[in-house]
Structure formats: C-alpha cells, structure tokens
Amino acid sequence: MANQASPAGSTQPLPSWRDGATRSRILSFVASVSQPGGESYLPPEERIAVFDNDGTLWPEQPMYVQLAFAIERARALVARHPELDANPVIAAATATGNGEAVLPMGIKGLLELVGITHAGMSTEAFRNQVRAWLDSACHPTMQRPYTDLTYQPMQELLQHLRANGFRTYIVSAGGVEFMRVFAEQVYGIPPEQVIGSSVVTTYAREGGLPVIQRQSKMQTIADRAMKPVLIEQLIGRRPVAAFGNSDGDLEMLEWVTSQPGQRLGVIVHHDDAEREVAYDRESAFGRLDRALSEAPLRGWTVVSMRNDWASVFAAPPAATGSGEGVVERCAVLPASQPAAAGERGTGKLPEQPAVIPGEMPRIEEAPGGRQP
C-alpha cells in the first residue's frame, strides 16, 4: 500500500482536476486562509480539514470495503465452524455470490455481522486480520487491490492541503481500527487523526500480557450527527473545510460551514458511469439526496466526477512478469473456475478462533471499560 503520487512532471497543484469553477474555488480557499497578511488568513492550528472515507476518498460500490472484509471473515469462520451458519446474518454473508444477500439486511443486520466477525480478539490481532486481507483482496469489479483504488484527485487535494499547513482528518462511519490499518500508508493520515465507529473494548490479559479486547457490541456509530459530536470531542476545534459524498455527511458539512469567515464544504458526486459508478438519490450505499438538494442553498461545492476530474484513479502498476504482482493477483478467473474463499481475487485471512454468539474466549479479566 502506498500514497498515490501526482502525475509525473506535474508542477501545478491538483493536476488531475480539470480547470473550472470547482478547482478554482478549492485553490482560492486554500490560498485565502494560508497566505499571511490576507484578510482571511488562519494560523496553522486552525487549518483543519475533515474527510469522509467511503465514497469520498475511495469507492464504496458495490459495497463498503469493510463489509467485503466482514463477508470474507464470515466465510472463513463458517468453514471451520459450520454451526455459525444457523445465524441468518452469517448465512446471508456466506450465501453464493458476492455478498448480495447481505444488502437487504439493513443497518441492524450489518452491525450484527460486524459484531460477530470483528470481535473476540485483541486490537492487535484484529489489525493483523485486516492487514492480511488488504494485502490479498481485490475489488470485485475493477479487479485491482482496494488500496490502489483511492481517488487520485482527492490524494492530490490531501497533499495540497498539508503543503499549505492543514491537518487532515478522516471522519467516517467505517470502523476506526479498520481504517487505522491503512490510513497513514495510503492517505498520509496518521492513526490519531482517524475518527470512526467503534466497538466496546475491555482491558484484559492474554498469556500474562495486557491487551485491549474487542467485544461484539457497538459503542459508537460515527455517522450523520455523530460526526460533528466526535470531531468536537476528539479534535477540540471546529474544522474550516469538510469533504463528503452522502447524506451521512450532511451534519458534518453543516456544522463546519455554519461559522462566519472562509469555510469550505465539498460534496463528491458520483456521476461518472464510465470510469466509476453513477449513483446518488436511490443508492443503498452512499445515498446522496438531501445533501445534494441543499448544497446550492448552503454554498457547498458539488464536485462532478465526470466533469471536474481528468482522471479518477492512478494508472495501475505494470505487471512484474513474476506472476505474483497485483495485476496477476487480481486476474479474473474463468467462469468455469469460480474462486473459493481465500483464493486469488478474494482476501486471505489468517487462522483466528471463531466467536460464537453468546461466547467469548477465555481470558484473564482485568479492570476494564470502553475505549473510544
């Protein structure tokens, strides 16, 4: 996993953005708050920008990346513990196909799936699970590693903001520990600048050593109105720029841009069916309805993927010829040879004890609590 670089030889900021009102407004805002002596100048400590992740920095179709991980994790668990398939949520996750049966379950079912598949292990063990999966998983339709599919224009924007004294944060409904595995290497955003949903955790001992143990109950869902609440709690300053792509980001954009002075609210609109996916008001993932309607009334900038971005993704790396590169790893198997769980084109998970609902691994309990 690595940061996506700007096009070779480029000297202008935001080279993957087409010239136009959108690019000009973003560059003008950054210049106005970062140039000393200007009427809108802000000291570096006040230059904070927050970004949603799914659908804003990388794709969320045909499903959230973390949901794809949870489905693969469920399949690995059922392969070793078939009795888990009696749970309808697990059964939906392990059904034939690419996880389509999970989609109608709604947020309650998705949270139950995450609770079962992400719990019963230390935070270190969970991060190792995620890292191993990302190192072998491929996007089901674009046939590239998920970490290669960050949006090139947004990578350039992150770099431009930081070059002008901004601190950049992720504020996403995705799991905070899931995102912290890759955020620094992929986006240049360190773990302490990642805010997301969390599960209940406890302090415990395994093998005589202290660990933070993940439970199957959700603690915080970092979506909608919880986004500004968590920003206030964990950052302690109101950002001056916010970037999202769905109604789940509306309150964050509203809160950030409601203050006087120079503020920037940006919505990424997925309207490019040829280079990515076109969706908005009716989508099961990343629904953009109310925020799209209110954007012009609130002065938010709506980025058209189709019209504002000269490129969406960085060019894929060249094949190595060794048969083990990312291009070969994500090669599509023939229809007569479907991939089994853990084979090429899916994420591989290391061995991990199953967490059967109602049971937890035996550990030496210590005074515990919740960890944000």
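Here's what I pulled together on the structure shown here. (Residues numbered from 1 in each chain as written. Predicted model: local features only at pLDDT ≥ 70, side-chain atom pairs only at ≥ 80, totals over all residues. Heavy atoms only, no water.)

1. Quick look at the packing of aromatic side chains
Right, on to step 1. In the structure shown here, the tally under the stated rule is 13 aromatic pairs.
Right, on to step 2. With a centroid separation of 4.5 Å and 80° between ring planes, the pair formed by Tyr64 and Phe285 is classed as edge-to-face. Of this pair, Tyr64 sits in the loop between β1 (48-51) and α2 (65-80) while Phe285 sits in the loop between β6 (264-269) and α11 (290-298), and the two are 221 residues apart along the sequence.
Right, on to step 3. Given the relative accessible area of 26%, Tyr64 is considered partly exposed.
Right, on to step 4. Consider the rings of Trp133 and Tyr146, whose centres lie 5.4 Å apart with planes at 25°: the pair is stacked. Of this pair, Trp133 sits in helix α5 (residues 123-134) while Tyr146 sits in the loop between α5 and α6 (152-163), and the two are 13 residues apart along the sequence. No difference in accessibility class separates Trp133 from Tyr146, as the two residues are buried.
Right, on to step 5. Joined through ring pairs, the aromatic side chains of Trp58, Phe69, Phe126, Trp133, Tyr146, Phe178, Phe182 and Tyr187 make up one cluster. (Phe/Tyr/Trp six-rings, centres within 6.5 Å; stacked < 30°, edge-to-face > 60°. Helix = DSSP H or I, 4+ residues; strand = E, 2+ residues; numbered from the N terminus. Buried < 20%, exposed > 50% of the residue type's maximum accessible area, 1.4 Å probe, protein only.)

2. As for α5
Right, on to step 1. A rise of 1.5 Å per residue sets the reference length of α5, with its 12 residues, at 16 Å; its end C-alpha atoms lie 17 Å apart and thus fit the reference within 8%.
Right, on to step 2. Those residues of α5 lying buried are Thr123, Ala125, Phe126, Gln129, Val130, Trp133 and Leu134. (Expected span 1.5 Å × (residues − 1).)

3. Points about the state of the cysteines
Disulfides are covalent bonds that connect the sulfur atoms of two cysteines.
Right, on to step 1. Enumeration according to the criterion identifies one disulfide in this entry.
Right, on to step 2. Each sulfur in the disulfide pair Cys138 and Cys330 lies 2.0 Å from the other. Sign of the S-S torsion, about -80° for the bond between Cys138 and Cys330, identifies this disulfide as left-handed. In this pair, Cys138 sits in the loop between α5 and α6 while Cys330 sits in the loop between α13 (326-329) and β8 (364-365), placing the two residues 192 residues apart along the sequence. (Disulfide = S-S within 2.5 Å.)

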